[in-house]
Amino acid sequence: MALNPDRLLPAEANSRAIARRLFASVEKLPIISPHGHTEPAWYATDAAFPDPATLFVKPDHYICRMLYSQGIPLEQLGIARLDGVAVETDSRTIWRLFAKHWPLFRGTPSRLWFEHSLESVFGITERLNENNADRLYDLISEKLATPEMRPRALYDRFNIEVISTTDSANDPLTHHDAILASGWHGRVVPAYRPDAVVDASRPDFQSELEKFIALTNNPMTYQGYLQAHRNRRAYFKARGATSTDHGHPTAQTANLSAGQAEALFERIIKQSVTAEDAELFRAQMLTEMARMSIDDGLVMQIHPGSYRNHNPQIFCAFGFDKGADIPTSTGYVKELKPLLDAHGNDPRLTLILFTLDETAYSRELAPLAGHYPALKLGPAWWFHDSPEGIRRYRELTTESAGFYNTVGFNDDTRAYLSIPARHDMARRVDCAFLARLVTEHRLDEDEAHEVAHDLSYRLAKQAYKL
């Protein structure tokens, strides 16, 4: 299982030699992690991770959804139920179950990330299986108890320069305050995620909206609501935030008149909200958020196109974000036009677009980003954050958008130990792509070295103002 030093590099000898040289020049660059979902509490408390299953299995949606797809109940993986019904609590039992089914992950990026973590963090070079599960569990557990495996020590070991968490608009950011007060040198910044108080189709929208208004001491009017967002954005920015994030079902935007927007707000604060009004309100708020970003300088990210909580049985039993989210077809040209008509030509706005619909890369996203000063393309995301997904992304976007209308790579993960593995994967795949351009005489090698550095480090730092 030992990691091959040429993994993900080209098979052809000349291209591989070029890719090796490119990768050697970027392999040790610091990690810029501008969008992710690690817990700020990890860095605030610097407590040891409890056990291998809690570290690797329970928080990883890729792992849980694969096991569930093979008929393994989430209860057996220790995932808590909303109704309090007992689930498996013995982490060793969960780990053994994971080990037994490890062959399910052949050919997946989860295998790359997991085995990279085993070797680079724990020094383990044997493949996980039923026979060695207990021994590896004990070895990992023993190492997790050491100071070198605490979150802050790993931050330094992974060579992370800055990492962003993703935080609800109502989050008090207590852990971020604790990090700042601690004097620790690590840079952990929040990102403003207002979905819970923007998406009126959510079952918790009304309660979250009431908390939001009360938190900011603003009236329950449209103008009061907008001011509440400004207040909270400023609160986040004071704690280091440089970006906002919007995980809407679609990329639809709108630019209503003041009167139309106020009337819409009055409708959506009622207990019964139509699907049409919920969509229109989300659309209007994307344009409002763009206006606010021009004013306060926060970079704006749109992560659309996921049919979230597609499995109602899982959602009712376990709640949000349990691996039952499915990509949908997503349009951008018509959908973004109201926002772009208003603000797309303003270079003060940085709007980073992501997609789960790869058919939109060359048809819509790359041409849009290749024209509007405000737009940038986010990297291959979620289901496409993989060797083949990153290759397809580069092939489908580079000719229209170039490299410099993209923002490098971000790992977008809850799985802390997979962060260096994901950046390693992206750097290798990008170097392989660049090596091909060099062998085809479309780039000189000195240019490829510069681009490799930019894709690995500079573009993310620059785009996210980090």
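The structure this text deals with has already been given above.
Here the residue index of a chain counts from 1 through its sequence in written order. Residues qualify for local features only when their pLDDT is at least 70, as the model is predicted, and side-chain atom pairs are given and counted only at 80 or more; totals for whole chains, interfaces and linings, by contrast, use all residues. Values reported for side chains reflect all heavy atoms of the structure, with hydrogen atoms and water molecules removed beforehand.

J.: So what's going on with the pairing of strand β2 (residues 160-164)? Which residues, and what values?
T.: Here the term buried applies to any residue with accessible area under 20% of the maximum for its type, exposed to any over 50%, and partly exposed to those in between, with areas from a 1.4 Å probe on protein chains only. Per the convention used, a helix needs a DSSP run of H or I reaching at least four residues, while a strand needs a run of E reaching at least two, with both numbered from the N terminus. Across the five residues that make up β2, a large majority, four, are buried. As defined by bridge partners, strand β1 (residues 31-33) adjoins β2 across three bridges and the pair is classed as parallel. Bridging across to β2, serine 33 finds its partner in isoleucine 163. In terms of strand pairing, β2 meets strand β4 (residues 188-189) through two bridges, oriented parallel. Following the sheet pairing, isoleucine 163 is matched in β4 by valine 188. When DSSP finds two or more bridges between two strands, those strands count as paired.

J.: Tell me about the packing of aromatic side chains, and name the residues and values.
T.: Side-chain rings of Phe, Tyr and Trp, where Trp is taken by its six-membered ring, are said to pair if the distance between their centres is within 6.5 Å; with planes under 30 degrees apart they count as stacked, over 60 as edge-to-face, and otherwise as tilted. A full pass over the atoms with the stated rule returns 31 aromatic pairs. Look at tryptophan 42 and tyrosine 416: their rings are 5.8 Å apart centre to centre, the planes differ by 40°, and that puts the pair in the tilted class. With tryptophan 42 in helix α2 (residues 40-45) and tyrosine 416 in the loop between α17 (387-401) and α18 (419-439), the pair connects residues that are 374 residues apart, well separated along the chain. On the basis of relative accessibility, which here comes to 21%, the residue tryptophan 42 falls in the partly exposed class. When its relative accessible area of 1% is taken as the criterion, tyrosine 416 is described as buried.

J.: Please provide a residue-by-residue account of empty space enclosed by the protein, values included.
T.: A cavity here means a set of 1 Å grid points, computed over protein atoms only, where a 1.4 Å probe fits but cannot escape. A pocket is an open set with protein on both sides within 12 Å along at least 5 of 7 lines, and lining residues have an atom within 4 Å of a point. Grid points are joined across faces, edges and corners, and a volume is the space filled by probe spheres set on the points. One pass over the full model with this rule turns up five cavities of 30 Å³ or more. Reported here for the largest cavity is a volume of approximately 100 Å³. Lining of the largest cavity is provided by Leu55, Phe56, Asp60, Ile63, Ser110, Trp113, Phe114, Ser117, Ala415, Tyr416, Leu417 and Ser418. Elements with a minimum of two residues in the lining of the largest cavity: α3 (52-57) and α6 (109-122). The biggest single contributor to the lining of the largest cavity is α6, with four residues. Here the residues of the lining of the largest cavity are counted per class, giving eight nonpolar, three polar and one charged. Under the scheme applied, nonpolar residues are Ala, Val, Leu, Ile, Met, Phe, Trp, Tyr, Cys and Pro; charged residues are Asp, Glu, Lys and Arg; polar residues are all the others, including Gly.

J.: Explain the state of the cysteines residue by residue, including any values.
T.: Each disulfide consists of a covalent bond between the sulfur atoms of two cysteine residues. Cysteine sulfur pairs qualify as disulfides if the two atoms are within 2.5 Å. Under the counting rule described, the total for this entry stands at zero disulfides. Cysteine cysteine 64 shares no disulfide, and the gap to the nearest cysteine sulfur, in cysteine 316, comes to 19 Å.

J.: Account for the pairing of strand β7 (residues 299-302), naming residues and giving values.
T.: Side chains Val299 and Gln301 project from β7 onto one buried face, and the interleaved Met300 and Ile302 project onto a second face that is buried too. Bridge count between strand β6 (residues 243-246) and β7: four bridges; the pairing is parallel. When the bridges of β7 are listed, histidine 246 appears paired with isoleucine 302. Here β7 pairs with strand β10 (residues 351-353) via three bridges, running parallel. Paired with methionine 300 across the strands is leucine 351, a residue of β10.

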